[in-house]
Amino acid sequence: MKLILIPITLFLCLSLIHCGALNLENERVHTHKLSDEMHYHDTNGDNLFEHNVEYDHEAFLGKSEAEKFKSLTPEESKERLGKIVDKVDIDHDELINETELYEWLKNVSKNELFKDTEEKWKLFGENTTLDEYLETNFGALKYWSEEEKENRKDLYNSYLKMMERNKKRFKAADFDADGKLSRTEYSDFLHPEESKTMREIVIDETIEDLDSSGDGVVSVEEFILDLKKSVMEEEAEPEWIKVEIENFKLFRDKNKDGVLDREEVNEWILPSDYDHSLNEAKHLIFEADENKDGKLSKKEILDSYNLFVASQATAYGKAIYEKEDL
């Protein structure tokens, strides 16, 4: 049987009696992330956001490589980082400028995307048809009894919604309409936000998630309701929600009609003016540039090695911090 990684969880979940509901809500903004980590996070619930260097580590090295550094001593981390710096320094002038760092980060990001797609492509299989894909990943739904469907209505309906969404996305990615997905088409299916030909399907999925009234647009009330899904009922409304509501009114609702139409949703979730790699390059230079010349020497990078890579020391420090936080 051919599978893709994400729906494997679904297939197993459908077969279990005591399986919790999956988190079906994706992050709304579909820019290519450099890490699954949050760059800044509110660890104590006090609305004070702290810098998370694990984001920088994964952005600079890639997720699997960043993990390897956690087992190294500080000395070993610095030695290996020094060799990487030589690779980043394209013009060999012993200084890393913003362009060189940007190109490095962009290549790391592309390689991570390629590896993720390759791993899942091996499970998917190049001759998998839509019917085979749906049967493998959602076929267990037909074995649900009427009683089970009724008792677990919300979960059952969420799976039906997921199945329909995957069906639409599969068809949209099948550019040559041969009923199967090539390696390139599968990449579009898996990461539609990365494909220019899949922009409309990403917009469709976002509006479907938020548009509870079915009028094809996202009202400010629907927008707020979606934001609050990530907040516990007993929790006070976080400051960031107020900021997002203000952003909706001031920046996202460009024609000031109180709703987001397709064009405005497109600008929100697929922003053309934001580049994670460029912003990360600027961030790393700002943090490590001791003499403020706008470039990084190898010494400056090694002096701030904890910003770029992990080590046993940083991993141990994080564990101690988390233990004290319990």
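In what follows, the accompanying structure is described. All figures in this text were calculated on a predicted structure; none of them were measured in a lab.

As a further point, take the environment of L190. Structurally, the position occupied by L190 is in helix α9 (residues 183-190). Counting along the chain gives 69 residues from L190 to W121, while the straight-line C-alpha distance between them is 9.5 Å.

This next bit is on unusual backbone geometry. Despite not being glycine, H92 has its phi angle at roughly 55 degrees, a positive value. As for its position among the elements, H92 is in the loop between α4 (74-88) and β3 (95-96). Looking at H92, the relative accessible area reads 64%, which means it is exposed. For K256, which is not glycine, the phi torsion reads 55 degrees and is therefore positive. Examined against the element boundaries, K256 turns out to sit in the loop between α12 (239-252) and β5 (259-260).

Right, let's talk about a nonpolar patch on the surface for a bit. On the surface, Y40, F49 and W240 cluster together into a nonpolar patch covering about 300 Å² of accessible area. When its relative accessible area of 38% is taken as the criterion, Y40 is described as partly exposed.

Mapped onto the fold, L296 is located in strand β6 (residues 296-297). The spatial distance from the C-alpha of L296 to the C-alpha of E98 is 8.7 Å, given a sequence separation of 198 residues. Residues contacting L296, with those up to four places away along its chain left out, are E94, L95, I96, L284, I285, A288, D289, I301 and F308.

Definitions and cut-offs
- Residues numbered from 1 in each chain as written.
- Predicted model: local features only at pLDDT ≥ 70, side-chain atom pairs only at ≥ 80, totals over all residues.
- Heavy atoms only, no water.
- Helix = DSSP H or I, 4+ residues; strand = E, 2+ residues; numbered from the N terminus.
- Buried < 20%, exposed > 50% of the residue type's maximum accessible area, 1.4 Å probe, protein only.
- Patch = residues over 30% accessible without salt bridge, like charges linked within 9 Å, V, L, I, M, F, W, Y side chains within 5 Å.
- Areas by Shrake-Rupley, 256 points an atom, 1.4 Å probe, with all protein chains shown as cover.
- Salt bridge = Lys/Arg side-chain N within 4 Å of Asp/Glu carboxyl O.
- Contact = heavy atoms within 4.5 Å.

Interpretation note: all reported values are geometric properties and have no functional meaning in isolation.
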